[in-house]
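# Analysis of the macromolecular model
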Amino acid sequence: VQLQASGGGLVQAGDSLRLSCATSGRTFSSYVMGWFRQAPGKEREFVAAIRWSAGSAVYANSVKGRFSISRDNAKNTVYLQMNSLRPEDTAVYYCAADSVPTVVATDGREYDYWGQGTQVTVSS
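It should be emphasised that the depicted structure is a prediction, and the values quoted were computed from it without experimental measurement.

### Observations regarding the overall build of the protein
- Broken down by element type, the protein carries 0 helices and 11 strands.
- Each helix (α) and strand (β) of the protein, taken in turn from the N terminus, gives the series β-β-β-β-β-β-β-β-β-β-β.
- Against the 2.2 N^0.38 benchmark of 14 Å for 124 residues, the protein shows a C-alpha radius of gyration of 13 Å, consistent with a compact globule.
- Structurally, the protein occupies a C-alpha span of about 40 × 25 × 25 Å along its principal axes.
- Every one of the 124 residues in the protein was classed for burial, and the buried ones make up 41%.
- For the protein, contacts bridging at least 24 residues in sequence account for 57% of all contacts bridging at least 6.
- Entry remark: accessible area of the protein is about 6200 Å², with carbon and sulfur atoms responsible for 44%.
- One finds the centroid of the 12 positive side-chain charges in the protein at a distance of 4 Å from the centroid of its 10 negative side-chain charges.

### Looking at the pairing of strand β4 (residues 32-38)
- β4 sits mainly inside the fold: 6 of its 7 residues count as buried.
- Here 6 bridges tie β4 to strand β5 (residues 45-51), and the two strands are oriented antiparallel to one another. Across the sheet, residue methionine 33 finds its bridge partner in β5, namely isoleucine 50.
- Bridge analysis of β4 against strand β9 (residues 91-98) gives 7 bridges, and the strand direction is antiparallel. Across the sheet, residue glycine 34 finds its bridge partner in β9, namely alanine 96.

### Re the state of the cysteines
- Going through the model one piece at a time under the given rule, you end up with 1 disulfide.
- Shown here is the disulfide that connects cysteine 21 with cysteine 95, its sulfur atoms set 2.2 Å apart. Negative torsions about the S-S bond denote left-handed disulfides, and the value of about 65° found for cysteine 21 with cysteine 95 makes this one right-handed. Here cysteine 21, found in strand β3 (residues 17-24), pairs with cysteine 95, found in strand β9; they are 74 residues apart in sequence, far enough to count as distant. Accessibility classification places cysteine 21 together with cysteine 95 in one group, the buried group.

### What to know about the packing of aromatic side chains
- The full count for this structure, using the stated rule, is 6 aromatic pairs.
- Ring plane angle 65° and centroid distance 4.8 Å describe the contact between phenylalanine 28 and tyrosine 31, whose orientation is recorded as edge-to-face.
- Between arginine 18 and the ring centre of tyrosine 79, over which it is positioned, the NZ or CZ distance is 4.1 Å.
- Over the ring of phenylalanine 36 we find arginine 44, and its NZ or CZ is 5.8 Å from the ring centre.

### Notes on the environment of valine 32
- Along the polypeptide, valine 32 turns up in strand β4.
- In this structure, the C-alpha to C-alpha distance between valine 32 and aspartate 98, residues 66 residues apart in sequence, is 5.1 Å.
- When neighbours within four sequence positions are excluded, valine 32 is seen to be in contact with Ala49, Ile50, Arg51, Ala96, Ala97, Asp98, Pro101, Val103, Val104 and Tyr111.

How each quantity is defined
Residues numbered from 1 in each chain as written. Predicted model: local features only at pLDDT ≥ 70, side-chain atom pairs only at ≥ 80, totals over all residues. Heavy atoms only, no water. Helix = DSSP H or I, 4+ residues; strand = E, 2+ residues; numbered from the N terminus. Rg over C-alpha atoms; globule rule 2.2 N^0.38 Å. Buried < 20%, exposed > 50% of the residue type's maximum accessible area, 1.4 Å probe, protein only. Contact = heavy atoms within 4.5 Å. Areas by Shrake-Rupley, 256 points an atom, 1.4 Å probe, with all protein chains shown as cover. Lys, Arg positive; Asp, Glu negative; His and termini not counted. Charge placed at Lys NZ, Arg CZ, Asp CG, Glu CD. Pairing = 2+ DSSP bridges. Disulfide = S-S within 2.5 Å. Phe/Tyr/Trp six-rings, centres within 6.5 Å; stacked < 30°, edge-to-face > 60°. Lys NZ or Arg CZ within 6 Å of the ring centre and 35° of its normal.

Now the structure itself:
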């Protein structure tokens, strides 16, 4: 199983970015896919997650209404559309997969596959 995150960059406050997580090595239709982030000196935190089959999503309160998670079955890719970015969104963003989900988990310990991070920097 491989997860390849991309799409990070340096933007100004109020701008938008779309992160991509390309998946390979397995059929992910039964998985839950999540995005997490970790800022310097802080613990990793949950951002958003989606149940691949149903498309049902969960968001952290801090990003609700600004971020949107989606998946493209044909491209085996999960996206995180980030709008109205704020300096406090600056972090390394990671995509992850929960291969045996019972719920759409917000705890990173439930996820057993992780991609490399992609840096998002939002300047004020």
